[in-house]
Amino acid sequence: MSLPSSLTLGSLRVDTPVVLAPMAGITNAAYRRLCAEQGAGLYVCEMITSRGLVEGDQHTRDMLVFDELETTRSVQLYGTDPVYVGKAAEILCAEHGVAHIDLNFGCPVPKVTRKGGGGVLPWKRGLLAEILEHAVAAATPYGVPVTMKTRKGIDEDHLTYLDAGRIAQETGCAAIALHGRTVAQAYSGAADWDAIGELAAAVDIPVLGNGDIWEAADAVRMVEQTGAAGVVVGRGCLGRPWLFRDLAAAFAGGGSSVVEPVETPTLGEVATMMRRHAELLCQHMGEERGCKEFRKHVSWYLKGFSAGGQMRRSLGLVDSLASLDALLAELDGDEPFPASELGAPRGRQGSPRARIVMPEGWLDDTDGAGCAIAEDADGGSGG
C-alpha cells in the first residue's frame, strides 16, 4: 500500500502525517523547535488547563510560549467543564494565534482522573459531547480545527473509544487520536493497534494512531495495519529527536511502505544534538534554568552508550553551556549507536493500575451531561 504523505486537519495541512505528543516538562518551545528542525510534522505544546487559561493563572501563561520560527502553533487543552473549555479555546484562537487545538481525554494521571478528567471522561458520553461542541463552536469562527486524543477506555470492561470516535465526528472534530492502551494500563504492556484499526474503520474523520512507535518502521507498520491517517509519537522521541527525520523520510512522497534502513547517529552526533537542545533551552529560559531543564534529558540521550557513571552524574549537574561543552568533549565521538536500543521502549512504563481513581459513582451512568467537576486551575499533566 502507499503511505499518506501529509495530514489534513480541517483547514490545516501538515506536511508529514506525524504529530509530537504533548509531554509534561518535555515538549516546551525549545524541544518543539529541536524536533521541527529534524523533519516536518505537527508539534504540540505541553497540555494546559482550560480553567487556568481563563482565570489567567501565571503558570499556565508561562507554558504558552512559542518559538519565533514556530509558524503552526498547536496546543493541547485539558478541561472537564464545557463552558471553560469553550472560553479557553476562544482565548487560544483570538489572543495566541493557534492553528490547532487538541483536547486531552487520554491522561491516566490520578490527579486528573480523580476529577473525572483525562482518560476517564469519555465514559460520560453526554459530557464529552458538550465539551467538544463548545470547543468546536469557539474555534470555528477562526478556522481553527479541533481534535481530540483518547485511550481505549478506563479498563477492558469499560471501553469508550468507539463511542468517542462517533461523538468526535458528530460534534465536528477534525480528527481523533487513539492511544491503544486503557487508563488502567497507563504506559505498561503493549499498545493495542487492532483497536486503532477498528476506530479507523468506524469513523469518517482521520484517526491518528499512538502507542509503541519507537522507530520509523513502527509508524509505517501501524499505518499499514490500521489504516490510520497518521501517527502520534510520544516517548519514542525522548533523547532521540532525530526520530522525526526518520519519520519524515519514511512518509515522504507517499510511496512505497518499504522503509529504508535508517542511519543511526554516532555518540558525537548525539552530543551535537544534546548541545543544540541545551542551547535552545537557554535561549528560551536563560542559561541557569535552561541547563537545569536539560539535565532530565541526559539519561535518555545516553541510554545504551558506554559513558560511565561519573560522566552521567556530571552531565546531570550541568549548570552552564561552557561546562556542558567541556563534558561533551570528553565523550568518544566515534562510538556507534547501541543496537540494543533500536526498537526498545523509552521513558516511563510502570505497572498496570489495580484501581483507577475516579469521582464517586462515576461509572453509575454513561451520560454525565451537566455534571462537570471543576478542574484545578493548575491541574495539567502535559500528557
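Let me sum up the structure you'll find in this document.

Conventions we followed
Residues numbered from 1 in each chain as written. Predicted model: local features only at pLDDT ≥ 70, side-chain atom pairs only at ≥ 80, totals over all residues. Heavy atoms only, no water. Helix = DSSP H or I, 4+ residues; strand = E, 2+ residues; numbered from the N terminus. Buried < 20%, exposed > 50% of the residue type's maximum accessible area, 1.4 Å probe, protein only. Polar contact = N/O pair within 3.5 Å; in protein donor to acceptor, adjacent residues only side chain to side chain. Salt bridge = Lys/Arg side-chain N within 4 Å of Asp/Glu carboxyl O. 1 Å grid on protein atoms, 1.4 Å probe; cavity = no way out; pocket = protein on both sides within 12 Å on 5 of 7 lines; lining within 4 Å. Points joined across faces, edges and corners; volume = space filled by probe spheres on them. Nonpolar A, V, L, I, M, F, W, Y, C, P; charged D, E, K, R; others polar. Axes fitted to C-alpha atoms, helices over the stretch in contact; angles between N-to-C directions. Left-handed = near helix turned anticlockwise from the far one by under 90°. Contact = heavy atoms within 4.5 Å. Core = buried A, V, L, I, M, F, W, Y, C linked by side-chain atoms within 4.5 Å. Arc of directions from axis to C-beta. Pairing = 2+ DSSP bridges.

With respect to the helices and strands, Arg151 occurs in strand β7 (residues 146–151). When its relative accessible area of 1% is taken as the criterion, Arg151 is described as buried. Among the polar contacts listed, one links the side chain of Arg151 to the backbone oxygen of Ala186, at a separation of 2.7 Å.

Moving on, we come to the pattern of salt bridges. Taken as a whole, this structure holds 23 salt bridges when the rule is applied. Here Asp67 makes a salt bridge to Arg33, at a shortest N to O gap of 2.7 Å. Residue Asp67 is found in the loop between α3 (58–63) and β5 (74–78), and its partner Arg33 is found in helix α1 (residues 29–38); the two are separated by 34 residues along the sequence. Here the two residues Asp67 and Arg33 agree in accessibility, since each one is buried. Residues Arg276 and Glu279 are paired through a salt bridge, measuring 3.4 Å at the closest nitrogen-oxygen approach. Of the two residues, Arg276 and Glu279 are both situated in helix α11 (residues 267–285); the distance of three residues between them amounts to about one turn of the helix. Looking at Arg276, the relative accessible area reads 22%, which means it is partly exposed. Through salt bridges with shared partners, a single network forms among Arg33, Glu37, Asp67, Arg275, Arg276, Glu279 and Asp325.

Moving on, we come to the environment of Leu267. If you trace the backbone, Leu267 turns up in helix α11. Given a relative accessible area of 1%, Leu267 falls into the buried group. Along the backbone, Leu267 and Ala40 are 227 residues apart, and their C-alpha atoms lie at a distance of 24 Å.

If you walk through the whole model with that rule in mind, you get one cavity of 30 Å³ or more. A volume near 100 Å³ is recorded for the largest cavity. Looking at the largest cavity, it is lined by 15 residues, and the ones nearest its centre are Val19, Asp102, Thr147, Leu208 and Val232. Elements with a minimum of two residues in the lining of the largest cavity: β4 (42–49), β6 (100–105), β7 and β10 (175–179). Considering each element in turn, the lining of the largest cavity owes the most residues, three residues, to β7. When grouped by side-chain class, the residues that make up the lining of the largest cavity number eleven nonpolar, two polar and two charged.

Packing of helix α7 (residues 161–170) against helix α8 (residues 193–202) leaves a shortest axis separation of 10 Å and a crossing angle of 35 degrees. Between α7 and α8 the crossing geometry is right-handed. Residue-level inspection shows Tyr161, Leu162 and Gly165 of α7 in contact with α8, the latter providing Ala195, Glu198, Leu199 and Ala202.

By size, the foremost hydrophobic cluster in this structure holds 106 residues, and its most contacted members are Ile101 and Leu103. Residue contacts for Ile101: discarding those within four places in its chain leaves Val75, Leu77, Ala89, Leu92, Cys93, Val144, Pro145, Val146 and Thr147. Listed in part, the 13 residues of the second largest apolar core include Leu9, Leu42, Ala174 and Val232.

Time to look at helix α12 (residues 287–295). Taken together, the buried positions of α12 are Gly290, Cys291, Glu293 and Phe294. Across the axial projection of α12, the buried residues extend over an arc of 160 degrees, all falling on one side. In α12, the exposed residues that point more than 90 degrees away from the buried face are Glu288 and Arg289. For α12, the elements touching its buried residues are α11, α13 (298–301) and α15 (321–328).

Strand order in the closed barrel formed by eight strands is β3-β4-β5-β6-β7-β10-β11-β12, with parallel pairing between adjacent strands. On average, adjacent strands in this sheet sit at an angle of 30 degrees to one another, irrespective of strand direction. Of the strands in this sheet, β6 and β7 touch helix α6 (residues 125–139), which is tilted by about 170 degrees from β6.

Bear in mind that shape data such as this cannot, by itself, settle questions of function.
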